[in-house]
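Below are the chains, spelled out letter by letter.
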Amino acid sequence: MKTVYGPVPSWRFGKSLGIDPVCRREKICSFNCEYCQLGETKVLTTKRKIFVEAETVEADLKNALAKTKPDMITISGTAEPTLALNMGEIVKIIKKNSTLPSGILTNSSFLDKKEVRDALGNLNIVVAKLDAPNEEIFKKINGPAEGITFSGVLEGIKKMKSEFKGELHLQMMFTNTNKDYAEEMAEISREINPDEVQLNTPLRPSKVKPLSKDEMEQVKKHFEGLDSVCVYDAEKTTSKPLDLNEMHLRRPEK
């Protein structure tokens, strides 16, 4: 597997060139989310380590940037990216080799750790996941590894927002499990005061059904006054990946 893939069409960021700092066929994550497009988590863990050397990421990134012109570079991939212990070094490599906006999609499970927040500090955008209003729903929808709590995730996001000089976007995935808690989740969003709230539902392959457009409209009403965008309303884009197989490892087709 290569550590750089895409560009993929993103409803948030246009043509997004992905960097995968874990890069494993066996799904490793700190969550086992009910809606994950990659299926069940095979290794549920909170152990951070170096999965791929930073030099490999740099070589793959240089090669990709010589062949394509994306709108943004996004750290994401086959696992929770902040499991990578060399995240800070990877961020420096991105900044060294490109002037494009850069960001990360994170499930927020390690944002309560100062070393993780510091490692992400030079990015332009941090997209932090928050899918629940309380511990009970958090466990149901996100299936966290032992030791990860809703209160810890929430505190980590708040600290990231207060310290981060870039934009903090809050992403909320809505399913039947949490749709009735949209009002509480909107209130928590107001406490965090993100630069943007992304209201999502699993339109990609998933074992749970997405909410309908009408259902998401009802969810969206609770977020009035916040800068929010719904997946159904977002402008769609297209992109030709450098390697279709590499993209499908991270973005399976239905």
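Residues numbered from 1 in each chain as written. Predicted model: local features only at pLDDT ≥ 70, side-chain atom pairs only at ≥ 80, totals over all residues. Heavy atoms only, no water.

Points about helix α2 (residues 87-97)
The α-helix winds at 3.6 residues per turn, so residues separated by three or four positions along the chain end up facing the same way.
1) Next: Looking only at α2, the buried set comprises Met87, Ile90, Val91, Ile93 and Ile94. Each buried residue of α2 lies within a common arc of 155 degrees when the element is viewed along its axis, so the set occupies one face. Turned more than 90 degrees away from the buried face of α2, the exposed residues are Lys92 and Lys96.
2) Next: The secondary structure elements touched by the buried residues of α2 are β2 (14-19), α1 (54-65), β5 (72-75), β6 (102-106) and α3 (114-119). (Buried < 20%, exposed > 50% of the residue type's maximum accessible area, 1.4 Å probe, protein only. Helix = DSSP H or I, 4+ residues; strand = E, 2+ residues; numbered from the N terminus. Arc of directions from axis to C-beta. Contact = heavy atoms within 4.5 Å.)

Regarding the pairing of β5
1) Next: Of the two faces of β5, the one carrying Met72 and Thr74 and the one carrying Ile73 and Ile75 are both buried.
2) Next: Both β2 and β5 contribute to a ladder of four bridges, which runs parallel. Considered in β5, the bridge of Ser16 is made with Met72.
3) Next: Note: β5 against β6, three bridges, orientation parallel. The residue of β6 that forms the bridge with Ile75 is Ile104. (Pairing = 2+ DSSP bridges.)

Quick notes on α1
1) Next: Taking 1.5 Å of rise per residue, 12 residues should cover 16 Å, and α1 covers 16 Å from first to last C-alpha, within 8% of that figure.
2) Next: Looking only at α1, the buried set comprises Ala54, Val57, Glu58, Leu61 and Ala64. All buried residues of α1 project into a common sector of 135 degrees when viewed along the axis, lining one side. (Expected span 1.5 Å × (residues − 1).)

Coordinates in, geometry out; function isn't part of it.
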